[in-house]
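# Secondary and tertiary structure notes
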Amino acid sequence: MAEHVHYPVLLHEAVESLNIQPDGIYIDGTFGRGGHSAEILKALGSEGRLIGFDKDDQAVAAAEARFGGDPRFTMVKGSFASMGEWAAERGVAGRVNGIFLDLGVSSPQIDDAGRGFSFRMDGPLDMRMASTGMSAAEWIADVERQPLADVIREYGEERFAWKIAGAIVAARDEAPIETTEQLANIIRTASPTREHRIDAATRSFQGIRIHINRELDDLKDCLEDIFEVLAVGGRLSVISFHSLEDRIVKQFIRTHSTADVYPRGLPVREDQMRKPPLRAIGKAVRASKQEIAENVRSRSAIMRCAEKQ
Ligand SMILES: C[S@@+](CC[C@H](N)C(=O)[O-])C[C@H]1O[C@@H](n2cnc3c(N)ncnc32)[C@H](O)[C@@H]1O
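Residues numbered from 1 in each chain as written. Predicted model: local features only at pLDDT ≥ 70, side-chain atom pairs only at ≥ 80, totals over all residues. Heavy atoms only, no water.

### Focus on the overall build of the chain
Heads up, the condition is: Only runs of H or I of at least four residues qualify as helices and only runs of E of at least two qualify as strands under DSSP, and these elements are numbered from the N terminus. When we talk radius of gyration, it's over C-alpha atoms, and the globule rule is simply 2.2 Å times the number of residues to the 0.38. For every residue, the accessible area (1.4 Å probe, protein chains only) is compared with the maximum for its type, and the residue is labelled buried under 20%, exposed over 50%, or partly exposed between those bounds. Here the accessible surface of atoms and residues is derived via Shrake-Rupley with a 1.4 Å probe, and residues count as covered only by protein chains that are part of the display.
Of the regular secondary structure elements, the chain holds 13 helices and eight strands. A compact globule built from 309 residues would reach a C-alpha radius of gyration of about 19 Å, and the chain, at 21 Å, matches this within 12%. Referenced to the eigenvectors of the C-alpha coordinate spread, the extents of the chain come out at roughly 65 × 60 × 40 Å. By the burial criterion, 51% of the 309 residues in the chain qualify as buried. Carbon and sulfur atoms make up 50% of the accessible area of the chain, which totals about 15,400 Å².

This is the structure:
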């Protein structure tokens, strides 16, 4: 199988945002092919530690091949949503100096037709990042029109979700939908309008992929745990690729970095006020024109960073 390359997005900005301490402990929750991990390791001294997480078997194998010989590096196969539990079991809870997430799918996942993520190439309708759980084909074989439409509407932000879901259900009642091309063609035929330069299957595929991989739930679960994982002064940096993810990260940082508002006249001294648990670091960062020209995938990337207080 051809080895597909992943170009890390916002690489220097991400590593800089983590404010790396050479002897600190860092978590790369989305190892992928290790582009960001490699830069973090470069900034770490011999006492530093980096823990990589990825749910994808191929990413885990790539991590072992690339950094398996580095005593500072540990790879965990699993969701970043489990990092709180992992940190507690390994005695690093409250000691981690930085958590980094580069959300979504990697280029090797998208570019390998056999993984079933792409509507541009025909392959088995799978879409799983991990090798466990239900594939897209299995889910579509049984799902009712309403929950299918909800997923396509909410996670795909597709306004023709109800119509598309109806077409998918009607088609699968005739014959199983087993390939990405079959599904993409059903969606294209059901879509009432054609858009310039956007394949009609784009949004529905995104919605189904997010559902199959519990992408937004995993993100929320992970964010809930960061307070137990991070040390005071530890940083969280997250790169999102669409508005649904970014909204979750933005709201999380906003909610936890806003001080309590006390009614005017209430006798509360400054030292009695609750300090918010997070401090937003800088503004949201986007890729430069040059990076976008070199890697079109960076066009939709947005990075946010916060520090535990
Ligand atoms: C955009 S890529 C990361 C690329 C990486 N930063 C690099 O430079 O190579 C996202 C990776 O995160 C993984 N991933 C996505 N959601 C995950 C989750 N909830 N838990 C663990 N890994 C996840 C995917 O399998 C994929 O390999």
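### Quick look at the packing of aromatic side chains
Keep this limit in mind: Pairing of aromatic side chains here covers Phe, Tyr and the six-membered ring of Trp, requires ring centres within 6.5 Å, and sorts the geometry by plane angle: under 30 degrees stacked, over 60 edge-to-face, intermediate tilted. Definition used: whenever NZ (Lys) or CZ (Arg) falls within 6 Å of the ring centre and also within 35 degrees of the ring normal, the charge is taken to sit over that ring.
For the structure on display, the rule yields six aromatic pairs. On the basis of an interplanar angle of 80° and a centroid distance of 5.9 Å, the ring pair of Phe53 and Trp86 is categorised as edge-to-face. Taken together, the residues span a long stretch of sequence, with Phe53 in strand E2 (residues 49–54) and Trp86 in helix H4 (residues 83–89) at a distance of 33 residues. Ring centres of Phe119 and Phe205 lie 5.5 Å apart, and the angle between their planes is 80°; this geometry places the pair in the edge-to-face category. Of this pair, Phe119 sits in the loop between helix H5 (107–111) and helix H6 (136–142) while Phe205 sits in helix H10 (residues 202–212), and the two are 86 residues apart along the sequence. Pair check on accessibility: Phe119 and Phe205 agree, each one buried. Members of the aromatic cluster, connected to one another through ring pairs, are Phe31, Phe67 and Phe73. A cation sits over an aromatic face here: Arg145 above Trp162, 3.8 Å from the ring centre. Above the face of the Phe241 ring, Arg297 is positioned so that its terminal group lies 4.3 Å from the ring centre.

### Concerning the environment of Glu245
Operational definition: Residue contacts are defined here by distance: any two heavy atoms, one from each residue, within 4.5 Å place the two residues in contact. Two N or O atoms form a polar contact when they lie within 3.5 Å of each other; inside protein one atom must be a possible hydrogen donor and the other a possible acceptor, and for residues adjacent in sequence the pair counts only when both atoms belong to side chains.
Among the structural elements, Glu245 can be located in helix H12 (residues 243–256). Sequence-wise, Glu245 and Leu216 are 29 residues apart; in three dimensions their C-alpha atoms are separated by 6.7 Å. Excluding residues within four positions of it along the chain, Glu245 makes contact with Leu103, Gly104, Glu215, Leu216, Leu219 and Ser240. Reaching out from Glu245, the side chain makes a polar contact with the backbone nitrogen of Phe241 at a distance of 2.8 Å.

### So, the pattern of salt bridges
Our working rule: A pair is scored as a salt bridge if a Lys or Arg side-chain nitrogen falls within 4 Å of a carboxyl oxygen belonging to Asp or Glu.
A complete count under the given rule lists 18 salt bridges for this structure. The salt bridge involving Asp218 is made with Arg214; its shortest N-O contact spans 2.7 Å. Of the residues examined, Arg214 reaches a relative accessible area of 42% and is grouped as partly exposed. Here the salt bridges do not stand alone but share partners, grouping Lys55, Arg214, Asp218 and Asp221 into one network.

### What about the site of the ligand?
Here is the rule: Any residue with at least one heavy atom within 4 Å of a molecule or strand is counted as near it.
Neighbouring the ligand are 25 residues, the closest being Arg33, His36, Asp54, Asp102 and Gln109. For the ligand, a nitrogen atom lies 2.7 Å from a polar atom in the side chain of Asp102. Surface burial for the ligand is 98%, taken as the share of its 600 Å² of free accessible area covered by protein chains.

### Things to note about the state of the cysteines
Just so we agree on the cut-off: Criterion for a disulfide: a pair of cysteine sulfur atoms at a distance within 2.5 Å.
Scanning the entire structure with this criterion turns up zero disulfides. Unpaired in this structure, Cys222 has its nearest cysteine sulfur neighbour in Cys305, at a distance of 14 Å. The exposure class assigned to Cys222 is buried, which follows from its relative accessible area of 0%. The class for Cys305 is buried, based on a relative accessible area of 8%.

### Digging into helix H3 (residues 57–67)
Threshold: This arc is built from the directions going out from the helix axis to the C-beta atoms.
Those residues of H3 that sit buried are Ala59, Val60, Ala63 and Phe67. Angularly, the buried residues of H3 cover 100° about the axis, an arc narrow enough to put them on a single face. The N-cap of H3, judged by a side-chain oxygen 2.7 Å from the amide nitrogen of Gln58 a few residues on, is Asp56.

### Some points on the domain arrangement of the chain
What counts here: For the purposes of this description, domain bounds are those given by an automatic or database domain assignment. Put simply, buried area is how much 1.4 Å-probe accessible surface two parts lose in total, over both of them, once they are put together. Residues are grouped as follows: Ala, Val, Leu, Ile, Met, Phe, Trp, Tyr, Cys and Pro are nonpolar; Asp, Glu, Lys and Arg are charged; all remaining types, including Gly, are polar.
Taken domain by domain, the chain holds domain 1 (11–107 + 215–308) and domain 2 (131–212). Inter-centroid distance (C-alpha atoms) of domain 1 to domain 2 is 31 Å. Contacts between the two partners involve eleven residues from domain 1, matched on the other side by seven residues from domain 2. Ranking the residues of domain 1 by area buried against domain 2 places Glu215, His242 and Leu244 at the top, with a combined share of 54%. A salt bridge links Glu215 to Arg209; the shortest N-O distance between them is 2.8 Å. Our enumeration of links across domain 1 and domain 2 arrives at four residue pairs in polar contact (both at pLDDT 80 or more). Those elements that place two or more of their residues in the side of domain 1 that touches domain 2 are helix H11 (215–229) and H12. Among the elements that make up the side of domain 1 that touches domain 2, the one with the highest residue count is H12 (three residues). For the side of domain 1 that touches domain 2, the class distribution of residues is three nonpolar, three polar and five charged.

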